[in-house]
Amino acid sequence: MTPMLNIALPKGRLGEKVLAMFEAAGFPCPAIHETGRKLIFENPEAGVRYFWVKPSDVAIYVERGAADLGVCGKDILLEYAPEVYELLDLQLGRCRMAVAAPADFRDSGRGALRVATKFSNIARQHYAARGRDIDIIHLNGSIEIAPILGLSDVIVDIVETGVTLRENKLAVVEEIVPISARLIANKAGFKFKRGPIDAIVREMAARTEEQV
Ligand code: PRP
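Caption draft 1: Inspection of the overall build of the chain at higher detail. On a plain count of helices and strands, the chain comes out with eight helices and 11 strands. Taken along its principal axes, the extent of the C-alpha atoms in the chain is 65 × 35 × 30 Å. Out of the 212 residues belonging to the chain, those deemed buried represent 45%. In the chain, of all internal contacts separated by at least 6 residues, the share reaching a separation of at least 24 is 67%. Summed over all atoms, the accessible surface of the chain reaches about 11,300 Å², with 51% contributed by carbon and sulfur. Positive and negative side-chain charges of the chain, numbering 27 and 28 respectively, have mean locations separated by a distance of 2 Å.

Structure follows, in structure tokens:
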């Protein structure tokens, strides 16, 4: 019997799209569509067990082997550098990591630039490459408020439609990196469950091409 693959899905809007892609790729799971508060669902015939986790936790499950596969944003991979294999760009959840600030902001270059962000490592690397001294203010959400209230000079955050920036009178100063959802694998699981993982990657890659 082929081993079951444990797959961590990111809860939320992106997760629904990702699940639809797995199902279209030939790995359906009827039970997951029943309403309720259950978080784990399996379809032994398709060889998959899906579970919903917080998007920022997907890589932890995969890194530690609780999941063989998972889907998370490139932002998480860049920020936390988990020890996982990145197998495929699913071309979903496309957005960008950017520096933003009030429209009239100009960096004088003097003193430490105050940067509010959830992505401290990405911000640090970005400014280190430019030799710009910064003071990181680590926040957990609603980052856009920081420059409005004078907590920071700029923010480093995800921009998707740009609506949040616009409605808070902020503008993109600089783009750092494009982001999209990635299929990731546990390193040991990738060796021992190579057959079924390859089958999923092949089918998911075909769906990805259809979307582009
Ligand atoms: C993300 C991000 C921005 C917003 C960008 O926030 O941090 O605030 O989405 O999307 P937009 O360009 O389409 O407006 P999220 O909803 O994850 O909330 P949080 O960062 O405040 O937790």
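Caption draft 2: Examining the packing of aromatic side chains more closely. What the rule picks out here adds up to three aromatic pairs. On the numbers, 5.8 Å between centres and 50° between planes, the contact of Phe51 with Tyr61 is tilted. Of this pair, Phe51 sits in strand E3 (residues 48–53) while Tyr61 sits in helix H2 (residues 58–63), placing them 10 residues apart in sequence. Judged by relative accessible area, which is 9%, Phe51 ranks as buried. Summarising the aromatic geometry, the rings of Tyr85 and Phe190 are spaced 5.2 Å apart at their centres and angled 65° between planes, so their arrangement reads as edge-to-face.

Caption draft 3: A look at the nonpolar core. Membership of the largest hydrophobic core comes to 29 residues, with the highest contact counts inside it found for Ile7, Leu9, Phe22, Tyr50 and Ile200. For this core, the secondary-structure elements that each account for two or more residues are strand E1 (5–10), helix H1 (13–24), E3, strand E4 (69–73), strand E11 (181–185) and helix H8 (194–211). Broken down by element, this core gets its largest block of residues, five residues, from H8. One finds Ala101, Leu113, Tyr127 and Val154 within the second-largest nonpolar core, a separate group that totals 15 residues.

Caption draft 4: Molecular detail of the site of the ligand. In the vicinity of the ligand, the residues found are Lys118, Gly141, Ser142, Glu144, Asp157, Ile158, Val159, Glu160, Thr161, Gly162, Val163 and Thr164. Take Ser142: an N or O atom from its main chain is 2.8 Å from an oxygen atom of the ligand. One of the backbone nitrogen or oxygen atoms of Gly162 is found 2.7 Å away from an oxygen atom of the ligand. Calculation on the ligand without its partners gives an accessible area of 490 Å², and the protein chains cover 65% of this total. In this structure the site holding the ligand corresponds to the largest pocket. Of all elements in the fold, only strand E9 (154–159) and helix H6 (163–167) reach the threshold of two or more residues within the shell around the ligand. At three residues, E9 tops the list of elements feeding residues into the shell around the ligand. Taken together, the residues of the shell around the ligand sort by class into three nonpolar, five polar and four charged.

Caption draft 5: Broad picture of unusual backbone geometry. The backbone phi angle of Gln91 is positive, close to 60°, even though this residue is not glycine. Position of Gln91 among the secondary structure elements: in the loop between strand E5 (85–89) and strand E6 (95–102). Note on Gln91: relative accessible area 26%, which makes it partly exposed. Even without being glycine, Ser142 reaches a positive phi, approximately 45°. Within the secondary structure, Ser142 sits in the loop between strand E8 (134–138) and helix H5 (145–148). For Ser142, a relative accessible area of 53% translates into the label exposed.

What counts as what
Residues numbered from 1 in each chain as written. Predicted model: local features only at pLDDT ≥ 70, side-chain atom pairs only at ≥ 80, totals over all residues. Heavy atoms only, no water. Helix = DSSP H or I, 4+ residues; strand = E, 2+ residues; numbered from the N terminus. Buried < 20%, exposed > 50% of the residue type's maximum accessible area, 1.4 Å probe, protein only. Contact = heavy atoms within 4.5 Å. Areas by Shrake-Rupley, 256 points an atom, 1.4 Å probe, with all protein chains shown as cover. Lys, Arg positive; Asp, Glu negative; His and termini not counted. Charge placed at Lys NZ, Arg CZ, Asp CG, Glu CD. Phe/Tyr/Trp six-rings, centres within 6.5 Å; stacked < 30°, edge-to-face > 60°. Core = buried A, V, L, I, M, F, W, Y, C linked by side-chain atoms within 4.5 Å. Near = heavy atom within 4 Å. Polar contact = N/O pair within 3.5 Å; in protein donor to acceptor, adjacent residues only side chain to side chain. 1 Å grid on protein atoms, 1.4 Å probe; cavity = no way out; pocket = protein on both sides within 12 Å on 5 of 7 lines; lining within 4 Å. Sits in = over half its atoms within 2 Å of the grid points. Nonpolar A, V, L, I, M, F, W, Y, C, P; charged D, E, K, R; others polar.

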